[in-house]
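Working through the structure, step by step
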Amino acid sequence: MDILDIARQSGLTVTLEARIGTQEYNSVHGSVDALERFVELVATSLEHDPRRQD
């Protein structure tokens with residue numbers, strides 16, 4: 001699951017704040033509506049994850 005891609009799909013803005021060596025530091029900004037869409041997309045992803053154990 002690419003969490004930053006899901007954030008972008010939700011309408012959140014993902015910005016690269018810094019890169020130190022191979023480590024990247026990002027910030028995510030957006031509205032409460034976008035945050036709610038993000039949660040819905042993550043929940044849907046988890047429901048369809050074949051690695052998920054019930």
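What comes next is a walk through the structure. (Residues numbered from 1 in each chain as written. Predicted model: local features only at pLDDT ≥ 70, side-chain atom pairs only at ≥ 80, totals over all residues. Heavy atoms only, no water.)

Overview of the nonpolar core
If you look at the biggest cluster of nonpolar residues, it comprises seven residues: I6, A7, L12, V14, A34, F38 and V42. For this core, the secondary structure elements donating two or more residues are α1 (3-9) and α2 (32-47). Of the residues forming this core, the biggest block, three residues, is contributed by α2. Once residues within four sequence positions are removed from consideration, F38 is found in contact with I3, I6, A7, S10 and L12. (Core = buried A, V, L, I, M, F, W, Y, C linked by side-chain atoms within 4.5 Å. Buried < 20%, exposed > 50% of the residue type's maximum accessible area, 1.4 Å probe, protein only. Helix = DSSP H or I, 4+ residues; strand = E, 2+ residues; numbered from the N terminus. Contact = heavy atoms within 4.5 Å.)

Some details on the side chain of S10
Within the secondary structure, S10 is located in the loop between α1 and β1 (13-20). According to the relative accessible area criterion, S10 is buried, its value standing at 1%. Only 3.3 Å separates the side chain of S10 from the backbone nitrogen of F38, close enough to count as a polar contact. Each residue touching S10, except ones within four places of it in the same chain, is listed here: A34, R37, F38 and L41. (Polar contact = N/O pair within 3.5 Å; in protein donor to acceptor, adjacent residues only side chain to side chain.)

A short note on the environment of E40
Here E40 shows up in helix α2. In this structure, the C-alpha to C-alpha distance between E40 and S10, residues 30 residues apart in sequence, is 9.0 Å.

Some details on a nonpolar patch on the surface
There is a patch of nonpolar side chains on the surface, built from M1, I3 and L46 and spanning about 270 Å² of accessible area. The topology assignment puts M1 in the segment before α1. (Patch = residues over 30% accessible without salt bridge, like charges linked within 9 Å, V, L, I, M, F, W, Y side chains within 5 Å. Areas by Shrake-Rupley, 256 points an atom, 1.4 Å probe, with all protein chains shown as cover. Salt bridge = Lys/Arg side-chain N within 4 Å of Asp/Glu carboxyl O.)

Describing the pairing of β1
A regular strand places its side chains on the two faces of the sheet in alternate fashion. The pairing of β1 with strand β2 (residues 23-29) spans seven bridges and is classified as antiparallel. Across the sheet, the residue bridging to A18 is Y25, located in β2. Taking the residues that link successive antiparallel strands as the turn, the β1-β2 hairpin has two residues, and the phi of G21 there is positive, at about 65°. (Pairing = 2+ DSSP bridges.)

Here we look at the pattern of salt bridges
With the rule as written, the count across this model stands at one salt bridge. In this structure, E24 and R19 form a salt bridge, with 2.6 Å as the shortest nitrogen-oxygen distance. Residue E24 is classed as partly exposed on the basis of its relative accessible area, which comes to 38%. A residue is classified by how much of its surface remains accessible, and R19, at 53% relative accessible area, is exposed.

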